[in-house]
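# Structural overview for review
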Amino acid sequence: MCGIAGLISLDGRALPGPQTLDAMCRTIVHRGPDDQGTFHTDWAAIGMRRLSIIDVAGGHQPVTSAGGRIQLVFNGEIYNFRELRQTLEARGYVFQSHSDSECIAHAYAEYGTDCFAMLRGMFAIAIVDQDRRRLVLARDRIGKKPLYLGELSPGVLGFGSELKTLLAVPGWQPRISMDAVQDFFSLGYIPAPDTIFEGIGKLPPGHWMSIEPGQDGGAPNIVQTRYSHVDFLPKWTDDEDTLQERLFAELDDAVRVRLVSDVPFGAFLSGGLDSSVVCALMTRHLSQPLKTFSIGFDEAGFDELPDARRVAQHLGTEHHEMVVRPDAANLLETLVHHFDEPFGDSSAIPTFLVSQLAARHVKMVLSGDGGDELFAGYSRYRRYATLQRIRRATLGMAPGLAKLGGALLPGARGRRLSGIGQRLGLPWPDDYLALVALANPADLRLLFGERAHADPFGSVRQRFVRSDIDSHAEQILSGDMGTYLVDDILVKVDRTTMANSLEARAPLLDQNLIAFAARLPFDLKLRGEQGKYLFRKVAARLLPAEVLTKRKQGFAIPLATWFRNDLRPMLLDTISSRAFKERGIFDQAGIQRLVDEHQQGLQDRGELLWMVMVLETWMRTLPDQTSPSPMH
C-alpha cells in the first residue's frame, strides 16, 4: 500500500524541477512511511511513497520493464500476481523481485492497457511509457484506491493519491466550487468526477487514461477508456441451495486471496454480519488466533462492543477494543487534514480510531465493507420497497393523503408523513435519492439562502439510470455502488487507515464476488423485510444465531446527543466567530434556526450541524496558496 504522485507536460513546456515532485511525495508520507522513489524525464515525472506489505525488502518503486522504457508506480495490492507472474515468465520476462508491482510493469509491456482488466485487486497506477511518449493512469474496478488529477498551471497536469499532493505544487491557485459545497451538504460527500476544487477531478473507477503531450505548444492527446462494467443480467438460474454453495465458495476465495502478506495482519470486527463473516472465513485459513479490533460508545444505542465480543469469543480471536467519547471530536482538524476536501460522514471518527488501535498491533486488516451494497442490506432498500407498495396500493392518491396527514399530525410523526408524501410525488430516481439525501431543498435554502441548488441530485441522478438493468431495485444497488460506496465508504476507509499507515482490504468487494452477486435474483438479496437473504444463509454456517438476528446499527456516532451536550460550546463558538460570518458561505439566519431547532429538540439536525463544522474547519485550515476569494 502506497501513495503516488506525478506531473506531465501537456504541450512540451518544461516541468517544475525534481524538488516539486519530492514535495508532492512528502505530503503523503503517512500513506507510505517505509520508502520513497521517483523517476523524471523532460516531459513526465512520477513518484511514490511505500508501505511495505509484499516483498518488504525488494519491492522498491518505480519498477521498470522493457529495458527501462516502462517506468511504473502503483498504490494497492494485486492478489493474482503470482499466477500472472507465471504467465509472464513463460513469455520470457525475467523478474528482479517478488513484488506485485513488477508484475504490472511487465504485464503492461506485454499487453498494453489490456493488462488492467487482468488485475484482481485494488490499485491506482501511473506508467511512463517512454517509447510511446505517453503517461497512462489507471484505477481499480470499484474505486478502492483514489486518484486525483487536473491542470495545475498552463500546460502542466498533476495527479496524486490525495488532493494535498496537488496543493504542494507551487503556483497553483485552487478555486472552491460552490456546486461541490452544496453537493457535500446534499449527500455528505462530493461525488466523482468532481472535487471541492474547480478543474480538479477524480479518475472514475474501472477506467484508464492515456496522456500524450502535444509538441511545440500543440494540444495533447488525452483518451479515457472504461475497461470494467458490472453486469446484473442475465440472472443465475441455479436453485437456491446451489447458489448458496457457489456464494460460500466465492466468499471464501475472496478472503483467502487477501491473506497473502509478509507483515502481521488482523481484521476490523464490529459485531455486525459482514465483518463477522469475514473474520469467520479468515479463521478457516489461519493456524494462529486472528487479531480483531472493535470500537464502541458509552451510549447504549450506538454500542456494538458486546456483539463484537461474542463473535470474538466464538471465533477464538485475540480481541482488542476501545470506547469512543465526545472528546473524539477534537480529531476534526486531523480528519480534515487527511480527507483534503469536506467529508460529512461522522463515522470517520470511529473508523479513524479503530484504525489507530489496529495500527499498534498490525500493518494490514481485512474489513467487511461492501456487503450492504452487494446484498441489499441497508434499511433504505426496505423503506424504498415499502414506498413502492404504497404507491401501487393507493393508485396515485398517496402523495396528497400523506401530505394532508403530515399537516394534521404534530411533531416528528407529521414531518415523517409529509416527507413520505413529498417522496411519493417525485419521479424515479429522485424518489429514492430524496430518501437517502442528508439535506432536502428546504434545508439547502436554510443553509444557503437564494444561492441554494434548485436540483440537489443533478450530480448523481444519471448513476441510477441504467437501461441494461430491468428493475429500479437493482438500479439502486448499481447506483449506490457508483456513488455512496466509492465516494463515501471507500474514501472513509482509505483515508482513515492510510492516516495511520495501515492497509485495509475488502474481500466483499472482490471483483469475482461482485460479478457473481450482481447476477443473483433480487429476491435472494432482499426477501420481504429480510435483507442479505442468501448471504445470511451462508453466515448461518459460520456464526452463532444471535449474530444473524441482531438489529443492524451501522457505524454511526451519537451526534444528536453530543451537540446538545459536550459539543454544544464548540458549535456555538464556531458559528458566532467573525471568520465564520465573514466567509459569506451560509445564510446566518438559517444557520441559527438549525441550531435552535436542534437545541430545543424540535428536530434532529446533528448531521447538518456536523457538516457545517466540517466545512468551517476545512476552510480554516486550507493552505496559504488557496485563493483568497474561495467561493466561485
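Residues numbered from 1 in each chain as written. Predicted model: local features only at pLDDT ≥ 70, side-chain atom pairs only at ≥ 80, totals over all residues. Heavy atoms only, no water.

Relative to the helices and strands, Asp 183 is located in helix α5 (residues 178-187). It turns out Asp 183 is buried and unbridged, and the closest side chain with the opposite charge, Lys 202, is 9.0 Å from it. If we ignore the near neighbours within four places in the chain, the residues touching Asp 183 are Gly 188, Tyr 189, Pro 191, His 453, Pro 456 and Ser 459. (Helix = DSSP H or I, 4+ residues; strand = E, 2+ residues; numbered from the N terminus. Buried < 20%, exposed > 50% of the residue type's maximum accessible area, 1.4 Å probe, protein only. Lys, Arg positive; Asp, Glu negative; His and termini not counted. Salt bridge = Lys/Arg side-chain N within 4 Å of Asp/Glu carboxyl O. Contact = heavy atoms within 4.5 Å.)

A volume near 720 Å³ is recorded for the second largest pocket. Taken together, 33 residues form the lining of the second largest pocket, with Arg 141, Arg 226, Ser 228, Val 230 and Gly 482 sitting closest to its centre. Put simply, the parts of the chain that give the lining of the second largest pocket at least two residues each are α17 (472-499) and α18 (511-518). The greatest single-element share of the lining of the second largest pocket, amounting to four residues, is contributed by α17. (1 Å grid on protein atoms, 1.4 Å probe; cavity = no way out; pocket = protein on both sides within 12 Å on 5 of 7 lines; lining within 4 Å. Points joined across faces, edges and corners; volume = space filled by probe spheres on them.)

What follows deals with the sheet that holds strand β12 (residues 221-226). One open sheet accounts for six strands, arranged β4-β5-β6-β7-β11-β12; its pairing is antiparallel. The sheet terminates laterally at β4 (63-65) and β12, the two strands that pair on one side only. Neighbour-to-neighbour, the strand axes of the sheet open up by a mean angle of 20 degrees, direction not taken into account. In the sheet, strand β11 (residues 207-212) pairs with β12 via six bridges, with the strands oriented antiparallel. (Pairing = 2+ DSSP bridges. Axes fitted to C-alpha atoms, helices over the stretch in contact; angles between N-to-C directions.)

A few words on the sheet that holds strand β10 (residues 200-202). The strand order across the open sheet built from six strands is β2-β3-β1-β9-β8-β10, with neighbouring strands paired in antiparallel fashion. This sheet does not close on itself; its edge strands, each paired only once, are β2 (35-40) and β10. On average, each strand axis in the sheet is tilted by 15 degrees relative to the strand beside it, whichever way the strands run. For β2 and strand β3 (residues 44-50), the ladder comprises six bridges, and the chain directions are antiparallel. Note that in β3 the partner of His 40 across the bridge is Ala 45. Here helix α1 (residues 18-26) sits on the sheet in contact with β1 (2-9), β2, β3 and β9 (156-160), set at roughly 150 degrees to β2.

Moving on, we get to the nonpolar core. Core analysis: the largest hydrophobic core is formed by 81 residues, its most contacted members being Phe 185, Phe 197, Leu 447, Phe 448 and Phe 586. In terms of residues, this core owes the most to one element, helix α25 (residues 606-620), which gives 10 residues. If you look at the next biggest cluster of nonpolar residues, it comprises 70 residues, including Leu 269, Ile 469, Leu 508 and Phe 516. (Core = buried A, V, L, I, M, F, W, Y, C linked by side-chain atoms within 4.5 Å.)

Looking now at the packing of helix α6 (residues 240-257) against helix α7 (residues 273-283). Two elements in contact, α6 and α7, have axes separated by 9 Å at closest approach and are oriented at 75 degrees. With respect to α7, the axis of α6 lies roughly perpendicular. Contacts from Phe 248, Leu 251, Asp 252 and Val 255 in α6 reach Val 278, Leu 281 and Met 282 in α7. Its residues assigned to classes, the contact of α6 with α7 shows six nonpolar, no polar and one charged. (Parallel < 35°, antiparallel > 145°, perpendicular 65-115°, else oblique. Nonpolar A, V, L, I, M, F, W, Y, C, P; charged D, E, K, R; others polar.)

Our focus in this paragraph is the pattern of salt bridges. Across all of its chains, the model carries 44 salt bridges by this definition. Put simply, Lys 164 and Glu 162 hold a salt bridge, and the shortest N to O gap is 2.7 Å. Among the residues examined, Glu 162 registers a relative accessible area of 1% and is labelled buried. For Lys 235, the salt bridge is made with Glu 474, and the minimal N-O distance between the two is 2.5 Å. Of this pair, Lys 235 sits in the loop between β12 and α6 while Glu 474 sits in helix α17, and the two are 239 residues apart along the sequence. A single network of salt bridges, built from pairs that share partners, joins Arg 31, Lys 145, Glu 162, Lys 164, Asp 340, Asp 494 and Arg 495.

Further remarks concern the packing of aromatic side chains. Following the criterion strictly, the structure yields 17 aromatic pairs and no others. Residues Phe 185 and Phe 586 carry aromatic rings whose centres are separated by 5.6 Å and whose planes lie at 85 degrees to one another, so their mutual orientation is edge-to-face. With Phe 185 in helix α5 and Phe 586 in the loop between α23 (578-583) and α24 (588-599), this pair connects stretches of sequence that are 401 residues apart. You'll find Phe 185 and Phe 586 in the same group, each marked buried. Look at Tyr 378 and Tyr 484: their rings are 5.9 Å apart centre to centre, the planes differ by 75 degrees, and that puts the pair in the edge-to-face class. Note that Tyr 378 is positioned in the loop between α11 (371-375) and α12 (379-393) and Tyr 484 in helix α17, a separation of 106 residues in sequence. Here Tyr 378 matches Tyr 484 in class, with each residue buried. For the cation-ring pair, Arg 380 lies above Tyr 378, with the distance from its terminal atom to the ring centre recorded as 4.7 Å. Taking the ring centre of Tyr 533 as reference, the NZ or CZ of Arg 527 above it sits at 4.0 Å. (Phe/Tyr/Trp six-rings, centres within 6.5 Å; stacked < 30°, edge-to-face > 60°. Lys NZ or Arg CZ within 6 Å of the ring centre and 35° of its normal.)

Attention now goes to the confidence of the model for the protein chain. Scored by pLDDT, the protein chain comes out at a mean of 90, with 92% of its residues at no less than 70. Confidence over residues 624-632 falls short of pLDDT 50; this stretch has 24 contacts with residues more than four positions distant or in other chains. (pLDDT = per-residue confidence, 0-100.)

Following the UniProt record, one finds the feature "binding site: ATP" (unreviewed entry) at Ile 295, Ser 367 and Gly 368. A compact arrangement is adopted by the annotated residues: their sequence extent is 74 residues, whereas the largest C-alpha distance between any two is 14.4 Å. Cross-referencing the annotated residues with the lining of the largest cavity gives Ser 367. Along the chain, Ile 295 turns up in strand β14 (residues 291-297). As for its position among the elements, Gly 368 is in the loop between β16 (364-366) and α11. In this view, Gly 368 contacts Asp 274, Ser 275, Val 278 and Leu 508; residues no more than four positions away in its chain are not counted. (UniProt positions renumbered as here; feature names shortened; annotations may be inferred.)

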